[in-house]
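Read off the chains here:
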Number of protein chains: 2
Amino acid sequence: MNGLMQQQPLLISNLLIHAERHHGEQEVVSRRVEGDIHRQTYRELARRSRRLANAVAGLGIGFGDRVATLAWNGYRHMELYYAVSGSGAVLHTLNPRLHPDQVVWIADHAEDQVLFFDLTFLPLVEAVADRVKTIKAFVAMTDRAHMPTSSKLPGLLCYEDLLAAASDQFSWPSFDENTASSLCYTSGTTGNPKGALYSHRSTVLHTYAAALPDALNCSARDTILPVVPMFHVNAWGLPYAACMVGAKLVFPGPFLDGKSLHELFEGERVTVSAGVPTVWQGLLTHVEANNLGFSTMRRTIIGGSACPPAMMRAFQDRYDVTVLHAWGMTELSPVGTVCTLKPRQLELNGEQRLGVQAKQGRSVFGVDMKIVGDDGAELPWDGKTSGELMVRGPWIIASYFKNAGGDPLVDGWFPTGDVANIDTDGFMQITDRAKDVIKSGGEWIGSIDLENIAMAHPAVAMAACIAAKHAKWDERPLLVVVRKPGAELTRQELLAFFEGKIAKWWTPDDVVFVDAIPLGATGKMLKNRLREQFADHLLNAA
Amino acid sequence: MNGLMQQQPLLISNLLIHAERHHGEQEVVSRRVEGDIHRQTYRELARRSRRLANAVAGLGIGFGDRVATLAWNGYRHMELYYAVSGSGAVLHTLNPRLHPDQVVWIADHAEDQVLFFDLTFLPLVEAVADRVKTIKAFVAMTDRAHMPTSSKLPGLLCYEDLLAAASDQFSWPSFDENTASSLCYTSGTTGNPKGALYSHRSTVLHTYAAALPDALNCSARDTILPVVPMFHVNAWGLPYAACMVGAKLVFPGPFLDGKSLHELFEGERVTVSAGVPTVWQGLLTHVEANNLGFSTMRRTIIGGSACPPAMMRAFQDRYDVTVLHAWGMTELSPVGTVCTLKPRQLELNGEQRLGVQAKQGRSVFGVDMKIVGDDGAELPWDGKTSGELMVRGPWIIASYFKNAGGDPLVDGWFPTGDVANIDTDGFMQITDRAKDVIKSGGEWIGSIDLENIAMAHPAVAMAACIAAKHAKWDERPLLVVVRKPGAELTRQELLAFFEGKIAKWWTPDDVVFVDAIPLGATGKMLKNRLREQFADHLLNAA
């Protein structure tokens, strides 16, 4: 017997309708590629999104067609989020940090029909334009005055011209909530990129969960500045959450340096921000160097990779900004866990509390998680035992776009490729990527802990810990280190630095100093390359 | 084209699984009918719910069967919430304040198979037992020691015996999220009661929305005490929200007097509570008389009827407890709007802010609302124009159980029967029930405003304002008043009290003093009876 409730599909367009109707006066502020600050309300955003929906239809985009973007965080990108998905087409956010070859490969694989791009990316677009197979129109996300005077792109269109020519009358269509809404490719360090194809249902459910008090805690009283890019898993869902709750949104555009961000934080009275640790480092350096502070920002959500403890202390102790660790993946829309403390943990002293905050956190309702051993059996939640993290839930992928890589699920669970432990309070801590873990004599050594210790040494700029082949133990940890400019540091000094900080047998066998560690498009260290390069280092040294 | 996300149905059992897995140590504290305080964790609640699911199956309850309760707020009632709905059966919360005839009528209409009841309601159950047609088993929600020694109920079962005999191994079944989960009858003041049949989908979506920061704002840091009964629209969804977020729950059982509640608030460190104004009046009286305060409670959610401004002032100014107005209906699961202020409104001075807080609030995402005139056309959101409030959304009924009363929707919208205005910020204020509004010469006069003014007079205990027939204006307002014990008050004095507080033509034409105003089962004034009694009062007086 079914309940007798209204059948209203969960649609992304409803988020925009709600924002317009209930928070029409709320602001969306953007620092533009053009350099100035642009302000509009949700009411205007909604009206322009309707115009854009008409314009997109005019470009021949139909239900299910892919519309690509190469764009920063800004109001025009947000209009595309709603206009494209709301129309029943699929928004495909391309990562502009990828190599042109990868952009071509992904655009072809996605069969993108139209590409919208910020002016910054004109050279990239020009480099790929005559190689991509399916894109039939290119739109520069700017106004007539800022259009490039000469471009080798044939028939380049102007975003504001398209909008001006379109009607603002548009009825958002209603359709099955399982309809595809957006597409985001993972930046795999090996193999071809794979696409996560989100649905309206998964996006709206994710938005509800992400906005909860113990998750990202979004309300109409917040001013949210997503530093995390809108081309990186939908800026962790914040452009959707902001509409759901009517929060003020502030977009930084391409200006992610400490000075630009700090000006926006203060000028727009930002209360909460979100991004990866590397961006915060630049911000903190600027704030420290200029004796500044944060007068309204009270929370910063950090994900992508673990927040170094020193950064956490700086934010919390010096600037009264709470650091909220979150963990997710492209395949998870992305939010899986958030490290919001339970009441008991709020009573811990500083260092103990920091120990909990260093974890990736507890799952939001909707994400079910477990850790499993090599045999697939579930492991205990004791805060010590590590295993591969498996997740399931309505905003987690069932398969990749076009079934790339085959069925990724194991008994209905998505294997994250992360190695983690979970404590008795349900707080999960990533100890490694499954492929980065070092298997020494049958025991697992997590590379992240070792890297964090190395990074805490004042002379270390960057450190990667990798598995190197070993005659007796199969694998042993090898540390690859970039020294800070001008700093002196020997192998012996650095290894001595590990004493007392970790089990003795976890201590790396050797240290290699290099000038640079290769980074991927999202700033992650490409440890697979280091593994190839240094695979036989210990064998040769022995 | 569909997205490629996991198809996980939204099920009530997932809330319990989440609470057990991620908040297993969190407490559920209940003041029992037996008089003592009972404590258990979510882990124990989950285990007992699995036992109960086995026991309920053992009573012959199958998929879609209705299981009735007559019970206070307590852990056994909560176990029934999860065991019955989680099994795929339907939990039917009967209102014990109804007349036995109504209980029989509703139980028959619902075709309840089993009735679980708190010992308090043994006399009521005995009064209806041989009249109800479909109930084949009666279960007293107590242990063996407290079982009634003699009862005329045939084969009366003992709750704790059933649990003790059942296994705690039970796999919650997976099924279509549109499956019926629970049933709640409206306490209509006219006509037969009608049932709202909720689904798992509607309940889980409602829970997400209700827990949001700008709605009921539920987190693991909260200790929630729902005074609003679990037989009254699922205690506004708090038993579900608490599991979703891992909040501590405190159940007051039958002890709703000020002293008992205050003891629980303080003893269990309650942070947020929810109930109707009448309960809070008793609490405030007790706190004032004994010079007490609230050391942990910071928010109280008030719904059911409007919170008198004097009560709001007392909570906020004297005790630092924020009053949060909420509005909903049985047909809405129930949450529709919550009066959480926007940033601009937080800067208002005390009286202006109180003016906003007196409204029923703004809609949570998922509930779409509008006001319409007699012709069905949408009216403007100007904070002045009143019309009938219409709502739609995934946790709003499409029809009543067994199609009672036919199709209630108008173009897909549910007509609430409330008359309201909506201001430019989207804040809705109920000005009357549609059937209570006074139509004077083609203009509408809201009865609630007039009652609030009368209630503010120190000599008035209760006041109802009703439409009485009028020779010239069709209808004119008539005030029916109960004086406070020992207080003196004349018609002229009371009418003079309205001067300057309201448009002159809104002033009631006359005052009738009575000893008592008839109340319905949920404490609402039965104004239709007064209308019948005093219909011709003004004609006769003229």
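The structure we're discussing is the one just above.
First things first, this report covers the structure right here in the doc. Remember, predicted model here, so these are calculated numbers, not experimental data.

**What to know about the overall build of chain A**
The helix and strand tally for chain A stands at 17 helices and 25 strands. Each principal axis of the C-alpha distribution contributes one length, and for chain A these read about 70 × 60 × 55 Å. Across the 542 residues in chain A, those meeting the buried criterion constitute 61%. Looking at chain A alone, contacts between residues at least 24 apart form 66% of all its contacts between residues at least 6 apart. In the structure as shown, chain A presents an accessible area of about 19800 Å², 50% of it carried by carbon and sulfur atoms. Side chains of chain A give 51 positive and 59 negative charges; the mean places of these two sets differ by 2 Å.

**With respect to the packing of aromatic side chains**
Across all of its chains, the model carries 27 aromatic pairs over all chains by this definition. Ring centres 6.0 Å apart and planes at 75° place the aromatic pair A:Trp505 and A:Trp506 in the edge-to-face group. Put simply, the rings of A:Phe265, A:Trp280, A:Phe294, A:Phe315 and A:Tyr319 touch in pairs and so form one group of aromatic residues. The aromatic ring of A:Tyr400 is capped on one face by A:Lys194, whose charged end is 4.7 Å from the ring centroid. The aromatic ring of B:Phe497 is capped on one face by B:Lys501, whose charged end is 3.8 Å from the ring centroid.

**Some remarks on the sheet that holds strand E6 (residues 137-140) of chain A**
Two modes of strand pairing occur in sheets, parallel and antiparallel, and in both the strands are linked by backbone hydrogen bonds. All names here are of chain A. What the seven strands build is an open sheet, ordered E7-E6-E5-E3-E4-E8-E9; its pairing is mixed. Edge positions in the open sheet fall to strand E7 (157-158) and strand E9 (195-199), since each of these has one partner strand only. Bridging between strand E5 (residues 112-117) and E6 involves four bridges; their strand directions are parallel. Looking at E6, one finds that Phe-117 is bridged to Ala-140.

**What about the interface of chain B and chain A?**
At the interface, 79 residues of chain B touch 79 residues of chain A. Summing the contributions of chain B and of chain A, the shared interface buries around 6200 Å²; its carbon and sulfur component is 56%. Per-residue buried area on chain B facing chain A is highest for B:Met1, B:Met5 and B:Phe365; these three make up 15% of the total on that side. Counting across the chain B and chain A interface gives eight salt bridges. The partner of A:Glu177 in a salt bridge is B:Arg201, with the nearest N and O atoms 2.8 Å apart. Here chain B and chain A share 36 residue pairs in polar contact (both at pLDDT 80 or more) between them.

**Observations regarding helix H13 (residues 350-357) of chain A**
Residue and element names in this part refer to chain A. Buried within H13 we find Leu-354, Val-356 and Gln-357. Projected down its long axis, H13 shows its buried positions confined to an angular sector of 160°, all on one face. Lining the buried residues of H13 we find helix H11 (309-319), strand E14 (322-328) and helix H12 (343-346).

**Some thoughts on the pairing of strand E20 (residues 428-433) of chain B**
Residue and element names in this part refer to chain B. Here strand E19 (residues 414-422) pairs with E20 via five bridges, running antiparallel. Each residue of the ladder has a partner; that of Asp-418, found in E20, is Arg-433. Where E19 folds back onto E20 in an antiparallel hairpin, the turn is made up of five residues, including Gly-426, whose phi is positive at roughly 85°.

**Quick notes on the side chain of A:Thr300**
Considering the arrangement of structural elements, one finds A:Thr300 in strand E13 (residues 299-302). Setting aside residues up to four positions removed in sequence, A:Thr300 forms contacts with A:Ser273, A:Trp280, A:Phe315, A:Val321, A:Thr322, A:Val323 and A:Leu324.

**Digging into the nonpolar core**
If you look at the biggest cluster of nonpolar residues, it comprises 190 residues, and the most contacted ones within it are A:Phe116, A:Tyr208, B:Phe116 and B:Tyr208. What B:Phe116 contacts, discounting residues up to four positions off in sequence, is B:Leu52, B:Val56, B:Leu59, B:Val67, B:Ala68, B:Thr69, B:Leu70, B:Leu80, B:Val139, B:Met141 and B:Tyr159.

**Quick notes on the relation of the copies chain B and chain A**
Rotating chain B by 180° and translating it 0.0 Å along the rotation axis places it on chain A, where the RMSD comes to 0.0 Å. Considering both components of the superposition, the chain copies are consistent with a two-fold axis. A shared binding surface is used by both copies, with 100% of the interface residues of chain B retained as interface residues in chain A.

**Structural notes on the pattern of salt bridges**
For the coordinates displayed, the defined rule picks out 71 salt bridges over all chains. Salt bridges sharing partners connect three or more residues here, namely A:Glu34, A:Arg48, A:Arg76, A:Glu79 and A:Glu160.

**Topic: the state of the cysteines**
Two cysteines whose sulfur atoms are joined by a covalent bond form what is called a disulfide. Residue and element names in this part refer to chain A. Inspection of the entire model under this criterion finds zero disulfides over all chains. Cysteine Cys-339 is unpaired, with the sulfur of Cys-307 as its nearest cysteine sulfur at 11 Å. On the basis of relative accessibility, which here comes to 2%, the residue Cys-339 falls in the buried class.

**Examining the sheet that holds strand E4 (residues 90-93) of chain B**
All names here are of chain B. Read from one edge to the other, the open sheet built from seven strands follows the order E7-E6-E5-E3-E4-E8-E9, with strand pairing classed as mixed. The sheet is open, and its two borders are formed by strand E7 (157-158) and strand E9 (195-199), each paired with just one other strand. Note: strand E8 (residues 180-185) against E9, five bridges, orientation antiparallel. Along E9, the bridge assignment pairs Ala-180 with Ser-199.

**Regarding the packing of helix H7 (residues 200-211) of chain A against helix H7 (residues 200-211) of chain B**
The packing of two helices is summarised by the inter-axis angle and the distance between the axes. Where H7(A) contacts H7(B), the axes come no closer than 8 Å and their chain directions differ by 45°. The orientation of H7(A) relative to H7(B) falls into the category oblique. Remark: the crossing between H7(A) and H7(B) carries left-handed chirality. Within the contact between the two elements, H7(A) uses A:Arg201, A:Leu205, A:Tyr208 and A:Ala209 and H7(B) uses B:Arg201, B:Leu205, B:Tyr208 and B:Ala209. Class assignment for the residues of the contact of H7(A) with H7(B) results in six nonpolar, no polar and two charged.

**Description of the packing of helix H3 (residues 75-87) of chain A against helix H8 (residues 238-245) of chain A**
Residue and element names in this part refer to chain A. Running from N to C, H3 and H8 point in directions that differ by 80°, and their axes come no closer than 11 Å. Judged by the angle between their axes, H3 and H8 are roughly perpendicular. Between H3, through Met-78, Tyr-81 and Tyr-82, and H8, the contact on the second element is made entirely by Pro-239, Tyr-240 and Cys-243.

**Considering unusual backbone geometry**
All names here are of chain A. With an omega of 5°, the peptide bond between Ser-333 and Pro-334 qualifies as cis. Looking at where Pro-334 falls in the secondary structure, it is placed in the loop between E14 and strand E15 (335-338). With phi around 55°, Trp-236 is a residue other than glycine that occupies positive phi space. Residue classification places Trp-236 among the buried residues on the basis of a relative accessible area of 9%. Phi is positive for Asp-320, close to 60°, though the residue is something other than glycine. Inspection of the secondary structure assignment puts Asp-320 in the loop between H11 and E14.

Conventions used here
- Residues numbered from 1 in each chain as written.
- Chains lettered and ligands numbered in written order.
- Predicted model: local features only at pLDDT ≥ 70, side-chain atom pairs only at ≥ 80, totals over all residues.
- Heavy atoms only, no water.
- Helix = DSSP H or I, 4+ residues; strand = E, 2+ residues; numbered from the N terminus.
- Buried < 20%, exposed > 50% of the residue type's maximum accessible area, 1.4 Å probe, protein only.
- Contact = heavy atoms within 4.5 Å.
- Areas by Shrake-Rupley, 256 points an atom, 1.4 Å probe, with all protein chains shown as cover.
- Lys, Arg positive; Asp, Glu negative; His and termini not counted.
- Charge placed at Lys NZ, Arg CZ, Asp CG, Glu CD.
- Phe/Tyr/Trp six-rings, centres within 6.5 Å; stacked < 30°, edge-to-face > 60°.
- Lys NZ or Arg CZ within 6 Å of the ring centre and 35° of its normal.
- Pairing = 2+ DSSP bridges.
- Buried area = accessible area lost by both parts, 1.4 Å probe.
- Salt bridge = Lys/Arg side-chain N within 4 Å of Asp/Glu carboxyl O.
- Polar contact = N/O pair within 3.5 Å; in protein donor to acceptor, adjacent residues only side chain to side chain.
- Arc of directions from axis to C-beta.
- Core = buried A, V, L, I, M, F, W, Y, C linked by side-chain atoms within 4.5 Å.
- Least-squares fit on C-alpha atoms with pLDDT ≥ 70 in both.
- Disulfide = S-S within 2.5 Å.
- Axes fitted to C-alpha atoms, helices over the stretch in contact; angles between N-to-C directions.
- Parallel < 35°, antiparallel > 145°, perpendicular 65-115°, else oblique.
- Left-handed = near helix turned anticlockwise from the far one by under 90°.
- Nonpolar A, V, L, I, M, F, W, Y, C, P; charged D, E, K, R; others polar.

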